[in-house]
Amino acid sequence: MKPLLRRLRHDLFATPVDGLISVVLLAVIAAVATSFLHWATSQARWAVIQANSTLFAVGRYPIEQQWRLWLLTALLAAATGISWGMLRSHPRSDRGGILWPRNDRIAVGLLVALSLLLPWLLGLSPAVQLRWVAITAVLVLLRWLAGRFGPQLPAALKRLLPLGLPLLYLMGMVLIAGGLGLVAVSPSEWGGLLLTLLESSFAILLCFPLGLLLALGRRSDLPLLRWGSVLYIEFIRGAPLITLLFLGQNMLGFLLPGGLAPERVWRAAWVLTLFAAAYLAEAVRSGLAAVPRGQLEAARSLGMSMPQAFSTVVLPQALRVALPSMVGQFISLLQDTTLLSLIGLMELLGTARTVMANPAFLGHNAEVYFTLAVLFWCCCAALGLGSRALERRLDPATIARSG
Amino acid sequence: MSPSTPATLTSAAPVGDVMIEARGVEKWYPNGFHALRGCDLTVNRGEVVVIMGPSGSGKSTFIRTFNALEDFQKGSITVDGITLSDDLRHIDAIRREVGMVFQQFNLFPHLSVLDNLCLAPVLVRKRPKAEVQEQARGLLKRVGIAEQADKYPGQLSGGQQQRVAIARALCMEPRILLFDEPTSSLDPEMVREVLEVMQNLAADDITMVVVTHEVKFARQVAHRVVLMAEGEVVEVAEPEQFFTNPSQERSRRFLDQIL
C-alpha cells in the first residue's frame, strides 16, 4: 500500500500547482461520475432498452429464423477464439510462448462477466441468458485449445486456417440472407446492430482492394489510369457522403435496367464501399510514399517483375505504414453507417428513432442514445485494439525481439 | 585471397568476351539536364573496372543505365550479348544477370537477412526454397556474417548491412556485379570490411563495375580505371598509369584534389 501512496503523491501532488490541478480535476470527475450514476440508477428508465433489445440487435428479423443468427454468433465466437489463441501461440508474437498473458486473463474475465451480467440486466429469458454463456464458453475454450495445441498443428493446416475467415463471411451471408435450402429473409427485414455490422463489414472488406487499386492507379505510368484514379478520388472526397447516398438511391435505379438494380440495403452498401475506397486510396498512397525509392530499385535490380516487387517488397512496407490511418478510415466508416438512417434504413440509429417515436417510451431519448454510443464505442474500440496488435506484430523491431 | 601486388593483378586483366559494351550513351533528365554526353565503355569478362570522378559527373547514372534503372535517349548498351531496348523482356533478362549493390544498401527491412537473400532466387529463378537457403547460408558465411542470418537488417551495422546486400546480389548468381558507391555511406571503420569482401570477389571470375572514391581499392583491385567528368568519359587507363601519369589534364586536376 505504501509504495502506491507514495506513487500517487509523486504523480498527482509533486508541486503545489500540480496538487491544485489534481484536486480540481478529481472534483470535476467525482461530480460528473456521481451525477451520471444518480441519473443511471434512479432517473433513467432502462425498460426502453430491455423491451427493445432484440430490435436493437437484429431489427425485424423473423423470430422463427433467428436461430440462424445465434448459429452465426456462435461461429464468430469460435473463429475469434481460434484466431486469438493461434495469434498468441505464434512463435513470432511478442508474447510468444506464454499461454495466458495478463492482458488476456483480464479480457477473458471481462468477457465472462459481461456474458453473465448483460443478458441478466437486459431482462432476457433464462434460456437466452444461457445461450450467451454458452457462446462465451465456446470462445474461451477454443482460445485455450488453439493456444495450447495450435503450435503442434501441421504447418500445411496452419497455412489453410486463415482461409476459413472469408469462408465464414460467405457462410454468414448465407445464414443471414438465406439460400442453400434456407428460407430467404429479405434485406428490408434486417436491422439494428446486425445491419450496421453487415453494411460496415461489407464496405470495409471491399473498399480495401478497391482503394489499393486506386492508389496504385494514381501512381501508374499510364496517363488514362492515373487521371481516372485522380478524378475518382478527388470527386468522391469532395462530395459529402449523405449526398452520395441519396444519389446512389436515385441514380443506380436509372443507370441499371429494371430488376438489376440491387436492393436498397445493397445499394447503400456499395455507395459506402465506393466512398470509403477513395479515402483508403489516400491512406495507401501516403504509405507508398513512405517506402524509399531504393526498395523498388533493389527489387527490380534483382530481376523481379513489377507485380513481384510490389507484392513482396513495396506493399508490405507501405501497408504497415498506412495501417493506422486505414483503421482510422474503417472506424469513421463504421460511424458513417448512421447516415443510412436518413435514407430510411433501419440500422442502429434508424431503429433507435423508431423506438423513440413509440408513444410507450416517449421521453427516454437519453437512455437510447447512451446505449447507442456505448455500442459504437465497443465496436470502434475493438477495431482500434485489433489494429494496434497487428501494428506491433508487423513491426520489424518486435519481430526481431521475439524471433 | 591474400592481398596481391597491384602489378600481378593488373597484368592478369582478362581479354576476351565483352560483357558490357556502351556506345555513345546520351541521357537528358526530364528537367533538361544533360547527364551523359556520349559515353563509351567496354568491360570484358572477369574484368574489374573502377569508375571515379567528382560528384555530379554522371558516374552513378552511367552504371545505372547498365541494368536499365535509368533510361537513356541516344546510343546503345549491350550487356552479356543482350541489347538494352524498350523490350521489357530484355530488361528483365539483363537484370537477372546483373547484380547491383547500392550506396544506401536498400535491404528489405521487413524481411530477415536470410529472406532478403532468398526472395529473388525463389521468385524469379523459381528455385526450390531449401536449396536457395543452403546457398544463402554459404554466401553469408563467405561475407563473414553467417551468424546473422535470422536477424533483421535494422539490427545490423552499416558494414554488415552492405555485406548482406552483396550476398543478396550474389545469391542470384549474376555474371556482372555493379557497385554504386558501396562504401560512401559507411562509417570509416566499416569501409575496410566491405572492401575486403569486394576484393575477394574480384579474385573470382565475376565481372565488376565499381563506382567508388576508394583510391587504394582502385589501385589494388581494378584492371582499369575510368575517369568521368561533366557527363563524359575523360580517360580509361590501367590503375598504375592513371594514378601516376594520367594522359588527360582533367584527370590530373581530379587526382590533385583527392590524393
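Residues numbered from 1 in each chain as written. Chains lettered and ligands numbered in written order. Predicted model: local features only at pLDDT ≥ 70, side-chain atom pairs only at ≥ 80, totals over all residues.

Our focus in this paragraph is the overall build of chain A. Tallying secondary structure elements over chain A gives 17 helices and zero strands in all. Taking the principal axes of the C-alpha coordinates as reference, chain A spans close to 70 × 65 × 50 Å. Considering chain A as a whole, with its 403 residues, one finds that 26% of them fall into the buried category. If you take every contact in chain A between residues at least 6 apart in sequence, the share linking residues at least 24 apart comes to 75%. (Helix = DSSP H or I, 4+ residues; strand = E, 2+ residues; numbered from the N terminus. Buried ≥ 20, exposed ≤ 12 C-beta atoms within 10 Å, placed from the backbone. Contact = placed C-beta atoms within 7 Å.)

With that out of the way, let us pick up the overall build of chain B. Scanning chain B from N- to C-terminus turns up 10 helices and 10 strands. Taking 2.2 N^0.38 as the reference for a compact globule, 259 residues should give roughly 18 Å; the C-alpha atoms of chain B span a radius of gyration of 18 Å, in line with that estimate. Based on the C-alpha atoms only, the size of chain B along its principal axes is roughly 55 × 45 × 35 Å. Long-range pairs, those at least 24 residues apart, make up 67% of the contacts in chain B between residues at least 6 apart in sequence. (Rg over C-alpha atoms; globule rule 2.2 N^0.38 Å.)

This part covers the interface of chain A and chain B. If you look at the interface, chain A gives 20 residues, while chain B gives 22 residues. Put simply, the parts of the chain that give the side of chain A that touches chain B at least two residues each are α13 (293-301), α14 (306-336) and α17 (396-402) of chain A. Per-element tally for the side of chain A that touches chain B: the top contributor is α13(A), with six residues. Here the residues of the side of chain A that touches chain B sort into nine nonpolar, nine polar and two charged. (Nonpolar A, V, L, I, M, F, W, Y, C, P; charged D, E, K, R; others polar.)

Another aspect to go through is helix α2 (residues 59-66) of chain B. Residue and element names in this part refer to chain B. Across the eight residues that make up α2, a large majority, eight, are buried. Buried residues of α2: K59, S60, T61, F62, I63, R64, T65 and F66, and no others. Just downstream of α2 lies A68, where phi reads positive at about 65°.

A few words on the nonpolar core. Counting residues in each nonpolar core, the largest one holds 130 residues, and the members touching the most others are V50(B), I51(B) and V209(B). For this core, the element with the highest residue contribution is helix α12 (residues 264-290) of chain A, accounting for 15 residues. Those residues in contact with I51(B) that sit more than four places away from it in its chain are K59(B), F62(B), I63(B), V209(B), V210(B), V211(B), V226(B) and M228(B). If you look at the next biggest cluster of nonpolar residues, it comprises eight residues, including I49(A), F56(A), L348(A) and L349(A). (Core = buried A, V, L, I, M, F, W, Y, C linked by C-beta atoms within 7 Å.)

For the rest of this paragraph, the subject is the environment of A30(A). Residue and element names in this part refer to chain A. With respect to the element layout, A30 can be found in helix α2 (residues 16-43). Residue class for A30 comes out exposed when judged on the 10 C-beta atoms lying within 10 Å of it. It is 46 Å that separates the C-alpha atoms of A30 and G211, two residues lying 181 residues apart in sequence.

Of all residues in chain B, 93% have pLDDT values of 70 or greater, and the mean over the chain is 87. Reported confidence for the predicted complex is 0.87 by ipTM and 0.81 by pTM. (pLDDT = per-residue confidence, 0-100.)

Residue and element names in this part refer to chain B. Pairing of strand β1 (residues 18-28) with strand β4 (residues 74-79), which is carried by five bridges, proceeds in the antiparallel orientation. Each residue of the ladder has a partner; that of E21, found in β4, is T78. Pairing analysis gives two bridges linking β4 to strand β5 (residues 82-83), with the strands arranged antiparallel. Within β5, the position partnered with T78 by the bridge is T83. Where β4 hands over to β5, the hairpin turn is made up of two residues, of which D80 adopts a positive phi near 50°. (Pairing = 2+ DSSP bridges.)

All right, on to the sheet that holds β4(B) then. With respect to topology, four strands assemble into an open sheet ordered β2-β1-β4-β5 (chain B), the strand pairing being antiparallel. Among the strands making up the open sheet, the edge pair consists of β2 (34-44) and β5 of chain B.

For the rest of this paragraph, the subject is the sheet that holds strand β3 (residues 48-52) of chain B. Residue and element names in this part refer to chain B. Read across the sheet, six strands follow the order β6-β7-β8-β3-β9-β10 without closing on themselves; strand pairing throughout is mixed. In this open sheet, the two edge strands, each paired with only one partner strand, are β6 (98-101) and β10 (232-237). Averaged over all pairs of adjacent strands, the angle between strand axes in this sheet comes to 20°, irrespective of strand direction. One ladder, built from four bridges, connects β3 with strand β8 (residues 207-211); its direction is parallel. Directly across from I51, in β8, lies its bridge partner V211. Helix α10 (residues 249-258) contacts β9 (224-229) and β10 of the sheet and is inclined by roughly 95° relative to β9. (Axes fitted to C-alpha atoms, helices over the stretch in contact; angles between N-to-C directions.)

Attention now moves to helix α6 (residues 158-171) of chain B. Counting along an α-helix, one turn takes 3.6 residues, and residues three or four places apart therefore face a common direction. Residues and elements named next belong to chain B. Here α6 contains 14 residues, and its C-alpha end-to-end distance of 20 Å stays within 8% of the 20 Å for a straight helix at 1.5 Å per residue. Most of α6 sits inside the fold, with 13 of its 14 residues counted as buried. In the stretch just after α6, E173 is the one whose phi turns positive, near 50°. (Expected span 1.5 Å × (residues − 1).)

Quick look at the environment of A269(A) now. All names here are of chain A. Secondary-structure assignment places A269 in helix α12. For A269, a count of 25 C-beta atoms within 10 Å puts it in the buried group. Measuring from C-alpha to C-alpha, the distance between A269 and I135 comes to 29 Å, with 134 residues separating the pair along the chain.

Attention shifts here to unusual backbone geometry. Even without glycine at this site, A68(B) takes up a positive phi of about 65°. Considering the arrangement of structural elements, one finds A68(B) in the loop between α2 and β4.

Attention now goes to the pairing of β8(B). Residue and element names in this part refer to chain B. Of all the five residues making up β8, five are buried; the element is thus mostly covered by neighbouring parts of the structure. Both faces of β8 are covered, namely the face carrying T207, V209 and V211 and the face carrying M208 and V210. Here five bridges tie strand β7 (residues 176-180) to β8, and the two strands are oriented parallel to one another. Bridge pairing links D180 to V211 in β8. Tracing the backbone out of β7, into helix α7 (residues 188-203) and back to the parallel element β8 gives a crossover that is right-handed. (Right-handed = clockwise from strand over helix to strand, strands pointing away.)

With that settled, consider the packing of α6(B) against α7(B). All names here are of chain B. Packing of α6 against α7 brings their axes to within 8 Å, and their N-to-C directions diverge by 15°. One way to sum up the angle between α6 and α7 is to call them roughly parallel. Handedness of the crossing formed by α6 with α7: right-handed. Facing α6, whose interface residues are G158, G159, Q162, R163 and I166, α7 presents M190, E193, V194 and V197. (Parallel < 35°, antiparallel > 145°, perpendicular 65-115°, else oblique. Left-handed = near helix turned anticlockwise from the far one by under 90°.)

Take the confidence of the model for chain A next. With 93% of its residues at a pLDDT of 70 or more, chain A has an overall mean of 85. Per-residue pLDDT, averaged within each element of chain A, yields its smallest value for α17(A) (57) and its largest for α13(A) (93).

Turning our eyes to something else, we now look at the environment of P128(B). Mapped onto the fold, P128(B) is located in the loop between α4 (113-124) and α5 (129-142). Here P128(B) falls in the exposed class, since 10 other C-beta atoms lie within 10 Å of it.

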